[in-house]
Amino acid sequence: MTTLAGRLLVADSSTRQMTLRSGSIRINDGRIADVTLNDDAITTTDGFRPLTPGELIVCPGFIDAHLHLSQFGIIGAHGLPLLKWLDQVTFPAERSWQDENFAREMTRSVLTQLLSFGTTSFCGYTTVHHDSAIAALEVASQMGFRGMIGQVLMDRNAPTDLCRETNRLIDEAAETLKRFPPTSEMAAAVTPRFAITCSPQLLESAGALAAEHNAAIQTHLAETKQECARVAELFDSARYVNVYQDAKLLTPRTILGHGIHLDALDRQTLATQGAVIAHCPTANRFLGSGQMNRQALDQAQVNVVLGSDIGAGYERSMVSVARAAIGTAASLGNTPPTAASAWYDITAGTADALGWDDVGQLRQGYRADVVVIQPDFTTQMQGHDSIIDPLSQLMFAWDDRWVKQTYLRGQSVWGG
Ligand code: GUN
Ligand code: ZN
């Protein structure tokens, strides 16, 4: 039995915000056995209790809803526009994954990095190489992560050695689903890369396969204008969202990376189908793809989650990604999310949108995936502490060195 005490980051599902409460959690057998809260809610209209020196903050592990395991080696490599970046930087890097042992070692290394940043759950892409996708799923499962991984499916418009015959891809994806079914803590996801590199037959078969298994689906949508124009050329001027909808790829278990260049009708389609958009603000900045209007998606009642989108994204920390999302909203002139809701986004909010009812909150019975944080600063405004929101301070002064310990299923797996 382990007990962790300090200020707990506690989810309030009705306001979709986190609050800081002092208390403790007890961990038993990989799960949170109980949560004790002292009666001192501090995110109140009367003011905030400031951070005090040495205080520990106990957080649910962070969730990264969109990343590419095979792209950690190209973070920061040439901020080219998307389609050029794929051709010149990304596809060559993904070739290394033809070696299953390379993929296995790289997965172990990048997942260890994620733990050091407090990420305990993720939705990841691999490459087109089947054995390497299986290896990545095995490593992530053995390490105790929660989430999903998908073998990238491509049968056209990419280098020949990175494309596969359509039926072979579907057979491989089916085999992966058999080994890591949707009920697994680390599950396979059906992952057609995006409409440009997938034939209509591949998209359709991928949709049918996902429906048959009730599996999660990952793909990219409307990240750049040039990409949208190419999709229109390839699919008889169909709307990009309709290309996916026609292939039955828009479901409540679908996570679409980016979704920047959409109009009201597209947003309505996404909302009706219940598909989720993974907003990746740092990747959008790096590739110059445009700024996603999250407020418009929120108003249309489309579920939005946050992703690092490494390697187009350059921040491995989900706290940094959440901070960038606040920056994007502010620069569009929209009302930016509060820090309390941005903390919710990278924990309980993503879990909720993805239908994961065992992570994202410090809650009895949930997996004990926990990050212990020790900030090295305290509030400096003597006498005015109560006007400073410690959750905002934590997010904007954030330093990854504050992650002191990360737990997966109650085991200390980083720091300590
Ligand atoms: N669209 C299709 N593939 C990719 C990828 O690997 N990264 C990003 N950012 N967008 C994509
Ligand atoms: Zn991506």
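Residues numbered from 1 in each chain as written. Chains lettered and ligands numbered in written order. Predicted model: local features only at pLDDT ≥ 70, side-chain atom pairs only at ≥ 80, totals over all residues.

- The protein has the name Guanine deaminase in an unreviewed UniProt entry, where Novipirellula rosea is given as its organism.
- UniProt lists a comment for the protein under the heading Cofactor (unreviewed entry), and it reads "Zn(2+)". (UniProt positions renumbered as here; feature names shortened; annotations may be inferred.)

## Some remarks on the overall build of the protein
Consideration 1: Counting secondary structure elements, the protein contains 13 helices and 17 strands.
Consideration 2: What you see for the protein is a C-alpha radius of gyration of 21 Å, in line with the 22 Å of a compact globule of 416 residues.
Consideration 3: With the principal axes as the frame, the protein shows a C-alpha extent of 65 × 45 × 35 Å.
Consideration 4: For the protein, the residues scored as buried account for 52% of the 416 residues in total.
Consideration 5: Within the protein, counting contacts between residues at least 6 apart in sequence, those at least 24 apart form 74% of the total. (Helix = DSSP H or I, 4+ residues; strand = E, 2+ residues; numbered from the N terminus. Rg over C-alpha atoms; globule rule 2.2 N^0.38 Å. Buried ≥ 20, exposed ≤ 12 C-beta atoms within 10 Å, placed from the backbone. Contact = placed C-beta atoms within 7 Å.)

## Notes on the sheet that holds strand S3 (residues 31-37)
Consideration 1: With mixed pairing, the 7 strands of this open sheet are ordered in space as S3-S2-S1-S4-S15-S16-S17. The two strands at the open ends of the sheet, each matched to only one other strand, are S3 and strand S17 (411-415). For this sheet, the mean inter-axis angle between neighbouring strands, taken without regard to orientation, is 35°.
Consideration 2: With 6 bridges connecting them, strand S2 (residues 17-28) and S3 associate as antiparallel partners. Within S3, the residue paired with Arg26 across the bridge is Asp34.
Consideration 3: Its contacts with the sheet put helix H12 (residues 339-353) on strand S1 (2-12), S2 and strand S4 (57-60), and the angle it makes with S2 is roughly 35°. (Pairing = 2+ DSSP bridges. Axes fitted to C-alpha atoms, helices over the stretch in contact; angles between N-to-C directions.)

## Comments concerning the domain arrangement of the protein
Consideration 1: You can read the domains of the protein as domain 1 (2-61 + 359-415) and domain 2 (62-316).
Consideration 2: Distance from the C-alpha centre of domain 1 to the C-alpha centre of domain 2: 31 Å.
Consideration 3: Of all elements in the fold, only strand S16 (403-408) and S17 reach the threshold of two or more residues within the side of domain 1 that touches domain 2. (Domains from an automatic or database assignment.)

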